[in-house]
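These are the residues of each chain, in order.
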Amino acid sequence: MAKKILIVDDSESIRELVTFTLQSEGYEVLSGINGKDAIRFLDGSKIDLIITDLYMPEMDGISFIREVRNRDAYKYTPILFLSTESQNEKKVEAKQAGATGWIVKPFVPAKLIEALNKVIR
Amino acid sequence: MDQYIDQFKEKFIEEASDILQELEKSLLLLEKNPKSKDLIDSVFRAMHTLKGGGAMFGFKLVSSFTHHFENLFDLIRKENLTLTSDIINLTFDSIDHIKILLKNNEILDDKLKNIHENIINRIEEYSNVPKKDSNIENKIINEELNRKKETIFFIGFYPNENILLNGSNPFYLIEDVCKLGQTYVIGKTSLENGYDNYNPELCYTKWYIILRTEKSVTEIQEIFLFVEDECNLDIVLLDNAQLQLNNTFFDKFKSFVNKNDCNTERLVEYINNTIKDNNGNEIIDVKQKNENSNLDSLSTIRVSSAKLDELMNVVSEIVSIQGKLALFAEKEGNEKVKIINEELEKTTKQLRDNVFNIRLVPLSTILIRFNRLIRELSSETGKEIDFIAEGTDTELDKNSIELLVDPIMHLIRNAVDHGIEDKNTRLLAGKPQKGIIKLKAFYSGSNVCIQIIDDGKGISVELIKDKAIELGLLKKGEKVSEKEILDFIFLPGFTTAQKVSNISGRGVGMDVVKKKVTDLRGDIGILTQPGQGTTFTLTIPITLSIIEGLLFSLGQQLFILPMAVVDKCYIFDKELTKGTLNNLFYNGTKYIPYIDLHDFFDIKSNRAEVQELIVVGFDNQKVGLVIDKVVGGHQVVLKPLGKFLREQDFISGGSILGDGSIALVIDINKMIRKFSESISGSMAQIV
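In this report, the structure presented in the accompanying data block is examined. (Residues numbered from 1 in each chain as written. Chains lettered and ligands numbered in written order. Predicted model: local features only at pLDDT ≥ 70, side-chain atom pairs only at ≥ 80, totals over all residues. Heavy atoms only, no water.)

Observations concerning the sheet that holds strand S11 (residues 533–541) of chain B
Residue and element names in this part refer to chain B.
Stage number 1. The strand order S6-S8-S9-S11-S10 describes an open sheet built from five strands, whose pairing is mixed. Whereas interior strands pair on both sides, the edge strands pair on one side only; in this sheet they are strand S6 (385–390) and strand S10 (523–529). In this sheet, neighbouring strand axes are inclined to one another by 15° on average, regardless of whether the strands run parallel or antiparallel.
Stage number 2. The pairing of strand S9 (residues 447–454) with S11 spans eight bridges and is antiparallel. Within S11, the position partnered with Cys 449 by the bridge is Thr 539. (Pairing = 2+ DSSP bridges. Helix = DSSP H or I, 4+ residues; strand = E, 2+ residues; numbered from the N terminus. Axes fitted to C-alpha atoms, helices over the stretch in contact; angles between N-to-C directions.)

This is the structure:
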């Protein structure tokens, strides 16, 4: 069965690019427009990997990561966040919230796949 | 994959325009409420998204430009800087500039380059406030200094057993370390209890790494940032920078590690005691996965308007054909045919509505531009203006809406410049200090009316008359109506402005406004009252429309009224008109003027025995139409009347009914206007 990946980003074009890239790789992709919106996917069938942006309206990435980690089913699910180079404090914060790693923005699709293969098997 | 990036580029441009629009909205709100944390956050996020997306999709200038802004708003967000109206102005300028940058990815001309640099300099000025946290910059400087010289580190990486559970893969971390410079890696696995109790989900290996690099400790630490809690990590700077990393050394090192149970301390000691002088190299290949570029389904797709038009036409045909079936089912069909027809009717209606709606967008999508324009003009001219928008959920064809932006902008500009007086003049005239410009939109039959109303000084008919005479457009003493005089302002080059200002008064514009509106098969009208203000009304047809109409007969001919204007239907009882002057009809509560359509259209055929009356509501007025018989509701596919009949005063189009007969669609707006003129205003007082 195809692995299921959740992408959370308030930017539609990024969401679509990621979705497109991942679908091309054979993954099943769910997408949410912010943390609050994405939570609804957590209680469905298990997601294998989560990719989230940090700055989003309603619920930002950090709170979303915390929300994910609060669920027993998602204790060990890899969570990657999207980040620009300049956000070092955010990286630490995201890590403390329970993120597994980050993907540096801007990324090319190949880079995304590469990062993904590091955490998903 | 790269060939698909273009598609996302377009998507991004669209998204960026939306974001900019939201941004303008937030800024306008911020102006009133500069302390709102939510708004500042949303501005910051918008900049952040633009920056990220810009970089992703190859808009380097947008990305680098917004970066400056993100920083600026980050400072404001963290309360290191106070948001002033200067900064808001600067942000507005920047939004305009970003719009340009989205169109030109490279700055080609000097003028643009100057603007670009100017704005960045201005942003930098604001950003250059003392920061509470200057550590980051110091760190960067230190890192710059360290970068020059290579150092050698020993890294002991001792993962906890459950490091694999959260998806971390030690190999990738090590691979990242290898990218920092020249490395030598030894992994040592210890299965204390053999394979009997081996759990494949746990990690039993530790790694020893020797790294020669220009990078700093922090950069190495960063790699392990996310496994910090799941491992012990030692990074030791080795004293001996002369250590040559060669195979001889590595062999020795390896056998030492294998023979001894090692901790960091012991190994560092060992290395420091070992000096060799050969060069060694190890390159680790990074696997590049081939990309698979299957085109999978997307959640949205872009379709050309031409295709939509085609679809609209086909749907119109289906609606007509369904109409035929309905008629057949009614007259000759058996029950089964009737049921099928009903189902088809429902689906056809859905199809029609869906297709129609694809093209429609609410007026509110362009509203923000007017908001901004007024804000800018207001600060430019020093006039205080309230902008009120009404009925902005009125929907129009997307193309029409876009083509309307310029004309409306122009009318607003005129209203600010010529209409609204300055503060003192207003106060002297007994008006409130703040001027009002109102944008009002509403449906009027198959049209949408958009009014730009100001409460300024009005247009002086005399002034226009004088000017027209001066230009030789009018002879002195010639008798013309007020409307005809006002229409002069739509002529090219016609202006009464004494001074040419920055905003308007160059005589360029009103003719263009008129042309753009007529291009949309629309109409523009002026109402003005000296001292009270001016109203421009743009009447734009909802193009390609299929409307819900009320079908009625008048003699042999069928007519259609847009259902939206229909208020109520009555049996026309002559009793109810008794005791009233002119054509007034008493509906039980009040008198309503009516038009006898037999007379109005000069239809000679016999009247029905019992006539009916349809009350239509239009712009706060109610008017009755005396007709023969209401046939019923009907889905109307509006067709233009064709070249020769297009110039009709009261008929906006026609529709072919199921049985092939033709019904004419009444333009109620124009009819009532004509009617009001004929009874010369007496109506308004009675109603």
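Side note on the nonpolar core
Stage number 1. By size, the foremost hydrophobic cluster in this structure holds 64 residues, and its most contacted members are A:Leu22, A:Ile51 and A:Leu116.
Stage number 2. At ten residues, helix H1 (residues 2–32) of chain B tops the list of elements feeding residues into this core.
Stage number 3. Leaving out residues up to four positions away in the same chain, A:Ile51 has contacts with A:Ile5, A:Leu6, A:Ile7, A:Val8, A:Leu22, A:Leu80, A:Leu82, A:Ile103, A:Leu112 and A:Leu116.
Stage number 4. In this structure, B:Leu367, B:Phe370, B:Val513 and B:Phe536 belong to the second largest nonpolar core, which totals 55 residues. (Core = buried A, V, L, I, M, F, W, Y, C linked by side-chain atoms within 4.5 Å. Buried < 20%, exposed > 50% of the residue type's maximum accessible area, 1.4 Å probe, protein only. Contact = heavy atoms within 4.5 Å.)

Structural notes on unusual backbone geometry
Residue and element names in this part refer to chain B.
Stage number 1. Located in the positive-phi region is Glu 79, a residue other than glycine, with phi close to 60°.
Stage number 2. A residue is classified by how much of its surface remains accessible, and Glu 79, at 63% relative accessible area, is exposed.
Stage number 3. Non-glycine residue Asp 602 carries a positive phi angle of around 55°.
Stage number 4. You can see Asp 602 is positioned in the loop between helix H19 (597–600) and strand S17 (612–618).

Focus on the packing of aromatic side chains
Stage number 1. Under the counting rule described, the total for this entry stands at 16 aromatic pairs over all chains.
Stage number 2. Measuring from centroid to centroid gives 5.5 Å for B:Phe600 and B:Phe601, while their planes differ by 90°, and the two rings are edge-to-face.
Stage number 3. For B:Phe600, a relative accessible area of 25% gives the class partly exposed.
Stage number 4. The class for B:Phe601 is partly exposed, based on a relative accessible area of 23%.
Stage number 5. Ring geometry for B:Phe600 and B:Phe650: centres 5.0 Å apart, planes at 65°, overall edge-to-face. Here B:Phe600 is found in helix H19, whereas its partner B:Phe650 is found in the loop between strand S19 (629–637) and strand S20 (651–656), with 50 residues between them in sequence.
Stage number 6. Taken together, the ring pairs in this structure connect B:Phe552, B:Phe559, B:Phe600, B:Phe601 and B:Phe650 into an aromatic cluster.
Stage number 7. Taking NZ or CZ as reference, A:Lys46 lies 5.4 Å from the ring centre of A:Tyr74, over its face.
Stage number 8. Directly above the ring of B:Phe44 sits B:Arg77, whose terminal nitrogen or CZ lies 3.9 Å from the centroid. (Phe/Tyr/Trp six-rings, centres within 6.5 Å; stacked < 30°, edge-to-face > 60°. Lys NZ or Arg CZ within 6 Å of the ring centre and 35° of its normal.)

Here we look at the environment of A:Asn70
Residues and elements named next belong to chain A.
Stage number 1. Looking at the secondary structure, you find Asn 70 in the loop between helix H3 (61–69) and strand S4 (79–84).
Stage number 2. With relative accessibility at 62%, the residue Asn 70 sits in the exposed group.
Stage number 3. Measuring from C-alpha to C-alpha, the distance between Asn 70 and Ala 97 comes to 10.0 Å, with 27 residues separating the pair along the chain.

Quick notes on the packing of helix H13 (residues 364–381) of chain B against helix H14 (residues 398–419) of chain B
Residues and elements named next belong to chain B.
Stage number 1. Viewed as axis vectors pointing N to C, H13 and H14 meet at an angle of 25°, and their least axial separation amounts to 10 Å. It follows from the interaxial angle that H13 and H14 lie roughly parallel. Where H13 crosses over H14, the handedness of that crossing is right-handed. Between H13, through Thr 365, Ile 366, Arg 369, Phe 370, Leu 373, Ile 374, Leu 377 and Thr 381, and H14, the contact on the second element is made entirely by Ile 401, Val 405, Ile 408, Met 409, Ile 412, Arg 413 and Val 416.
Stage number 2. Looking at the contact of H13 with H14, its residues break down into eleven nonpolar, two polar and two charged. (Parallel < 35°, antiparallel > 145°, perpendicular 65-115°, else oblique. Left-handed = near helix turned anticlockwise from the far one by under 90°. Nonpolar A, V, L, I, M, F, W, Y, C, P; charged D, E, K, R; others polar.)

Details of the pairing of strand S3 (residues 49–52) of chain A
Residue and element names in this part refer to chain A.
Stage number 1. Neither face of S3 is exposed, since Leu 49 and Ile 51 on one face and Ile 50 and Thr 52 on the opposite face are all buried.
Stage number 2. As defined by bridge partners, strand S1 (residues 4–8) adjoins S3 across four bridges and the pair is classed as parallel. Within S3, the residue paired with Ile 5 across the bridge is Leu 49.
Stage number 3. Inspection of the sheet shows S3 paired to S4 by three bridges, in the parallel sense. Across the sheet, the residue bridging to Ile 51 is Leu 80, located in S4.
Stage number 4. For the segment spanning S3, H3 and S4, crossover handedness is right-handed. (Right-handed = clockwise from strand over helix to strand, strands pointing away.)

A word on helix H7 (residues 170–179) of chain B
Stage number 1. For H7(B), the full list of buried residues reads B:Pro170, B:Leu173, B:Ile174, B:Glu175, B:Val177 and B:Cys178.
Stage number 2. Looking at the buried positions of H7(B), the neighbouring elements they touch are strand S1 (151–159), strand S2 (181–189), strand S3 (205–213) and helix H8 (217–223) of chain B.

Describing the packing of helix H2 (residues 35–42) of chain A against H3(A)
When two helices pack together, their arrangement is captured by the angle between the axes and the distance separating the axes.
All names here are of chain A.
Stage number 1. For the pair H2 and H3, interaxial distance at closest approach is 10 Å and the crossing angle is 20°. Overall, the two elements H2 and H3 adopt an arrangement that is roughly parallel. Relative to H3, the crossing made by H2 is right-handed. Contact residues: Gly 35, Ala 38, Ile 39 and Leu 42 in H2; Phe 64, Glu 67 and Val 68 in H3.
Stage number 2. Split into classes, the residues belonging to the contact of H2 with H3 amount to five nonpolar, one polar and one charged.

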